[in-house]
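This is what each chain is made of:
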Amino acid sequence: MLWILKILKRVWNFMMRKKTRAVIMFLVTDILLNFMDIITDIMTAVELMKSGDYMWSIQTILWMFAPFLVELLLIALINAKEKDGVKKGLKETLINLPLMVPIVNSGLLRDLAKVEYSEPMEKSDQAELERIRMKAGKHSLMQGYLESGPQLLLQIHIILCTG
């Protein structure tokens, strides 16, 4: 029984490290929750299609692609005058496709795991940490406003209409 307590103590000490907590929080909030949101949206669209509610199913799918379409329009409008502006902006636009944000954030998780947490933390490591968090936040921002919000309203409408 004593060996179990020793193992639990080691696990607890490992979990209490700043780096471990940061990596786990990033994994949960920026990768897993985002991935599960997309999967549940797909499952909702499929269930709506099976039940014969084709318009609501199509709307659910369209809201999944709204961040990509809006970003594509913005890139086209802003960078249209530049020679290679549209090509340059297309890479950032493709990140807004469904299931791409968790994949891109997985690469950022790898970068986050490489950051050295020390007391006091070096400025270069702080700058890298800030860069990773800003990039992940930017990727999720468009989805929050252009996908999740409208889908919430659509789902509330469906509930109110069907009971």
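Conventions we followed
- Residues numbered from 1 in each chain as written.
- Predicted model: local features only at pLDDT ≥ 70, side-chain atom pairs only at ≥ 80, totals over all residues.
- Heavy atoms only, no water.
- Helix = DSSP H or I, 4+ residues; strand = E, 2+ residues; numbered from the N terminus.
- Contact = heavy atoms within 4.5 Å.
- Expected span 1.5 Å × (residues − 1).
- Bend = angle between axes of the 7 residues up to and from the residue.
- Buried < 20%, exposed > 50% of the residue type's maximum accessible area, 1.4 Å probe, protein only.
- 1 Å grid on protein atoms, 1.4 Å probe; cavity = no way out; pocket = protein on both sides within 12 Å on 5 of 7 lines; lining within 4 Å.
- Points joined across faces, edges and corners; volume = space filled by probe spheres on them.
- Nonpolar A, V, L, I, M, F, W, Y, C, P; charged D, E, K, R; others polar.
- Salt bridge = Lys/Arg side-chain N within 4 Å of Asp/Glu carboxyl O.

Things to note about unusual backbone geometry
Inference 1: Non-glycine residue leucine 99 carries a positive phi angle of around 70°.
Inference 2: Tracing the sequence through the fold places leucine 99 in the loop between α4 (85-94) and α5 (100-114).

A few points about the environment of isoleucine 158
Inference 1: Examined against the element boundaries, isoleucine 158 turns out to sit in helix α6 (residues 123-162).
Inference 2: When the C-alpha atoms of isoleucine 158 and tryptophan 56 are compared, they prove to be 8.0 Å apart, with 102 residues separating the residues in sequence.
Inference 3: Beyond its immediate chain neighbours, meaning those up to four positions away, isoleucine 158 contacts Leu48, Trp56 and Gly163.

Observations regarding helix α2 (residues 18-50)
Because the α-helix completes a turn every 3.6 residues, residues three or four places apart line up on one side.
Inference 1: Here α2 contains 33 residues, and its C-alpha end-to-end distance of 46 Å stays within 8% of the 48 Å for a straight helix at 1.5 Å per residue.
Inference 2: Along α2, the sharpest change in direction is near 30° and occurs at valine 28.
Inference 3: Within α2, burial applies to Thr20, Ala22, Phe26, Asp30, Ile31, Asn34, Ile38, Asp41, Ala45 and Leu48.
Inference 4: In the segment just after α2, glycine 52 is the residue with positive phi, at about 90°.

Brief notes about the layout of surface pockets
Inference 1: Quantified by volume, the largest pocket comes out at close to 170 Å³.
Inference 2: What lines the largest pocket is a set of 13 residues, among which Lys91, Ile95, Val104, Lys135 and His139 lie closest to the centre.
Inference 3: Of all the elements in the fold, those that place two or more residues in the lining of the largest pocket are α4, α5 and α6.
Inference 4: With six residues, the single largest contributor to the lining of the largest pocket is α5.
Inference 5: Tallied by class, residues from the lining of the largest pocket come to five nonpolar, two polar and six charged.

Considerations on the pattern of salt bridges
Inference 1: If you walk through the whole model with that rule in mind, you get four salt bridges.
Inference 2: Close ionic contact of glutamate 47 with lysine 50 constitutes a salt bridge, the shortest N to O distance being 3.9 Å. Of the two residues, glutamate 47 and lysine 50 both sit in helix α2, three residues apart, roughly one turn of that helix.
Inference 3: Judged by its relative accessible area of 48%, glutamate 47 is partly exposed.
Inference 4: The exposed category is assigned to lysine 50, whose relative accessible area is 64%.
Inference 5: In the salt-bridge network here, residues are joined through shared partners; they are Arg110, Asp111, Glu128 and Arg131.

Examining the side chain of aspartate 111
Inference 1: Relative to the elements of secondary structure, aspartate 111 occurs in helix α5.
Inference 2: Apart from residues lying up to four places away in sequence, aspartate 111 is in contact with Glu128, Arg131 and Ile132.

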